[in-house]
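Each chain, letter by letter, is given below.
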Amino acid sequence: MVRRQLTVPTIARAVLKYLVLALAGAWMLLPFFWMFSGSLMTSKEVTSLPPPLLPAQPQWHNYADVAQVVPLGRSYLNSLLVTGLAVVGILFTSSLCGFGFAKYDFPGRNVLFVLVLASMMIPFFVTLIPVFYIVKQLGWLNNYAGLILPSVVSAYGIFLMRQFILDIPDELLDAARIDGASEFRIYWQIILPLIGPALATLGSFNFVTTWNAFLWPLLVVQSRDLYTVPLALNSLRTYGMMAQFQHLQMAGTALSVIPALLVFVALQRYFVRGIALTGLKG
Amino acid sequence: MSNRLTVADVTLPLAPVRRRLLSRRALWAYLFVSPAILALLLFTVGPILFTFWVSVHSWNIIEPIYQMPFVGLENYRYLLTKDAVFVRALRNTFVFAICGVGINTVLGLLGALLLNTRLRARVFWRTLFILPIVTAPLALGMMWAVLLNKNYGLVNTLLGLLGLPLQPFLSSPEQALACIIGIAVYQYVGYYIVIYLAGLQGIPQEYYDAAAVDGANRWQTFWHITLPLLRPVLLFIVVTNTIGALQVFDIVFAATTGLAGETSGGGPAGSTMVVVLHMYNTAFKFFRMGRATAMAVILFAIIFFITLIQLRLLQERR
């Protein structure tokens, strides 16, 4: 490339560039800033006109108070359990099935794979009512099975895993077979360690989607004992309509977004690749 | 490739034995694919057939499925001729998708071009734009509903400081849908940026070097090199996001239900009602499963049509 010289237009352009970035960045942070700031205010401060940018005295007890209004601690445990099991389930079924498609020849393979590809094109809302009915008939309404089991399979996950496993040389599997390894042991001890990055991509992606899922839990869960974090947040939202609960709503919102943010920061590289590979469904 | 001779095949001396062992491997394969395939059949393939079937019946989800009265295309006729809310929802959904995707297609490209220049702390800037993607749409909808509150919201405070007239935002039928679009633009712009960035980084540097040698200016380089080479990425982004946007639910639910006594959401005065929200209300508030599934089928048909266009365009490229 042509070496850049420090002329006035170059400097002006650089200043403009960072100015635009800073303004856009401030806009991206604005809701988060206001959520955290407001979560530490008194209810008077947060609804005063004009509101102060920062609380005069940080009200840390808001975070404890919010647990009095909705069962946030219990919701956290539920969400962790549901999200954890769903992610492990998706990783397991997807990699196992992808392995089957990638490395074995069996009658009906192509038909079944077309079935997977077709399932990838079916949006969630089209199957919502039947899946609700099936879960109801199975007696899974208002329990963990109903929350978790419908989301332990992902057609896209199967597809992704198959693509990754196709790249693993067959000789590796044959060598293991000569050593007397069973087919499942090949999956467990050879395939799984080799597809770590793919698992991280699929896992971080599904963690965020499952943690944030709202519509399905809203349908399946009736009792507060089974609330996931978005459901607790939703019931806080109805309180938040009243001005005196506004600050608590913001504290609850802040608590709810932290886990997904942490997973994202820890696995950012894989997550970003996941987006580049596919796309989040909105 | 799958029929390739393996070491195991060569080392086995007798044909009958080999066949038996191969089928043993096929059995393992069935074992490996069956959990996922069965789950897909139960939770995706079966349900979509069921959706089509219910959409030509009248059903309240409680009566047994073998007693559903068949009504032919009555549900579809009702939706398209008598259900004003559905027609409104369909229109709002289209406006939402076209505006949201349109704005972000442009903003995302600008953002990616900016982030693709020589930049300090690029990952930091990129992270700022991705934060809203990993945040629950429900939480974001709530955060923005607070910011856009007409009485004590921060945005109106800012407008006041700038000497501009205060706006009713989500509480006005004229502005509410625009606010929802704005929230969606805010949430998904980072997603576009990441995909564009991947596309930009896939363009070989040689093209730019050659253009520089030929004396092309920035605008010419962008117009004749970057944009044509980004075409497949652009197409992918527009199609996948239109499909996603047509399914919007959480943001609308979070920002509009319960507002000013609107229990079913999509307010004020139906100005932000979208198809999936109306489907949800029809199915789980009024238990009209026939109509709700018919809505799902109509929206799915639209999405399917868009997918076909995508496949057609991708084939033309080859």
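Residues numbered from 1 in each chain as written. Chains lettered and ligands numbered in written order. Predicted model: local features only at pLDDT ≥ 70, side-chain atom pairs only at ≥ 80, totals over all residues.

Draft legend 1. Fine view of the overall build of chain B. Helices and strands together make up the secondary structure of chain B, namely 13 helices and 0 strands. Tracing chain B from N to C terminus, the helices and strands come up as α-α-α-α-α-α-α-α-α-α-α-α-α. Relative to its full complement of 318 residues, chain B shows a buried share of 41%. (Helix = DSSP H or I, 4+ residues; strand = E, 2+ residues; numbered from the N terminus. Buried ≥ 20, exposed ≤ 12 C-beta atoms within 10 Å, placed from the backbone.)

Draft legend 2. Region of the structure containing the overall build of chain A. Helix and strand counts for chain A come out as 15 helices and 0 strands. Dimensions of chain A, computed from C-alpha atoms along their principal axes, come out at roughly 75 × 70 × 35 Å. Classification of the 282 residues of chain A by burial places 44% in the buried group. By sequence separation, contacts in chain A at least 24 residues apart represent 74% of the contacts at least 6 residues apart. (Contact = placed C-beta atoms within 7 Å.)

Draft legend 3. Structural view of the interface of chain B and chain A. Counting from both sides, the interface comprises 78 residues of chain B and, opposite them, 78 residues of chain A. Here the side of chain B that touches chain A gets 21 residues from one element, more than from any other, and that element is helix α2 (residues 15–54) of chain B. Of the residues in the side of chain B that touches chain A, the class split is 60 nonpolar, 15 polar and 3 charged. (Nonpolar A, V, L, I, M, F, W, Y, C, P; charged D, E, K, R; others polar.)

Draft legend 4. Focus on the domain arrangement of chain B. With domains assigned, chain B is organised as domain 1 (7–46) and domain 2 (74–317). Summarising the inter-unit geometry, the C-alpha centres of domain 1 of chain B and domain 2 of chain B are found 44 Å apart. (Domains from an automatic or database assignment.)

Draft legend 5. How the structure looks around the environment of Y239 of chain A. Residues and elements named next belong to chain A. Within the secondary structure layout, Y239 lies in helix α13 (residues 229–240). Here the alpha-carbon distance between Y239 and V69, two residues 170 residues apart in the chain, equals 8.7 Å. For Y239, the residues in contact, after removing those within four places along its chain, are V69, F245, L248 and Q249.

Draft legend 6. Up close: the domain arrangement of chain A. Residues and elements named next belong to chain A. Domain boundaries in chain A define domain 1 (8–63) and domain 2 (64–277). Here domain 1 and domain 2 have C-alpha centroids that lie 33 Å from each other. Taken residue by residue, the interface counts 12 residues in domain 1 and 13 residues in domain 2. Mapped by element, the contributors of at least two residues to the side of domain 1 that touches domain 2 are α1 (8–39), α2 (43–46) and α3 (61–69). The element contributing the most residues to the side of domain 1 that touches domain 2 is α1, with 4 residues.

Draft legend 7. Structural context of unusual backbone geometry. Residue and element names in this part refer to chain B. The backbone phi angle of I61 is positive, close to 70°, even though this residue is not glycine. Tracing the backbone through its elements, the reader meets I61 in the loop between α2 and α3 (74–81). I61 sits in the partly exposed class, given 17 other C-beta atoms within 10 Å.

Draft legend 8. Inspection of helix α8 (residues 155–166) of chain A at higher detail. Residue and element names in this part refer to chain A. The end-to-end C-alpha distance of α8 is 17 Å, a good match for the 16 Å that 12 residues give at a rise of 1.5 Å each. In terms of burial, α8 is largely enclosed, as 10 of its 12 residues are buried. Restricting attention to buried positions, one finds in α8 the residues A155, Y156, G157, I158, F159, L160, M161, R162, F164 and I165. (Expected span 1.5 Å × (residues − 1).)

Draft legend 9. Structural context of the packing of α1 of chain A against helix α5 (residues 122–134) of chain B. Axis separation between α1 of chain A and α5 of chain B bottoms out at 9 Å; the angle between their running directions is 35°. Pair α1 of chain A / α5 of chain B crosses with left-handed handedness. Two secondary-structure elements touch here, α1 of chain A through L21, G25, M28, L29 and F32 of chain A and α5 of chain B through W125, L128, F129, L131 and P132 of chain B. Of the residues assigned to the contact of α1 of chain A with α5 of chain B, the class counts are 9 nonpolar, 1 polar and no charged. (Axes fitted to C-alpha atoms, helices over the stretch in contact; angles between N-to-C directions. Left-handed = near helix turned anticlockwise from the far one by under 90°.)

Draft legend 10. Looking closely at the confidence of the model for chain B. Averaged over all residues, the pLDDT of chain B equals 87, while 90% of them reach at least 70. Considering only residues more than four positions removed or in separate chains, one finds that residues 1–17 of chain B, a stretch of pLDDT under 50, has 14 contacts. (pLDDT = per-residue confidence, 0-100.)

Draft legend 11. Region of the structure containing the environment of L73 of chain B. Along the chain, L73 of chain B turns up in the loop between α2 and α3. Along the primary structure L73 of chain B and I180 of chain B are separated by 107 residues, whereas in three dimensions their C-alpha atoms are 33 Å apart.

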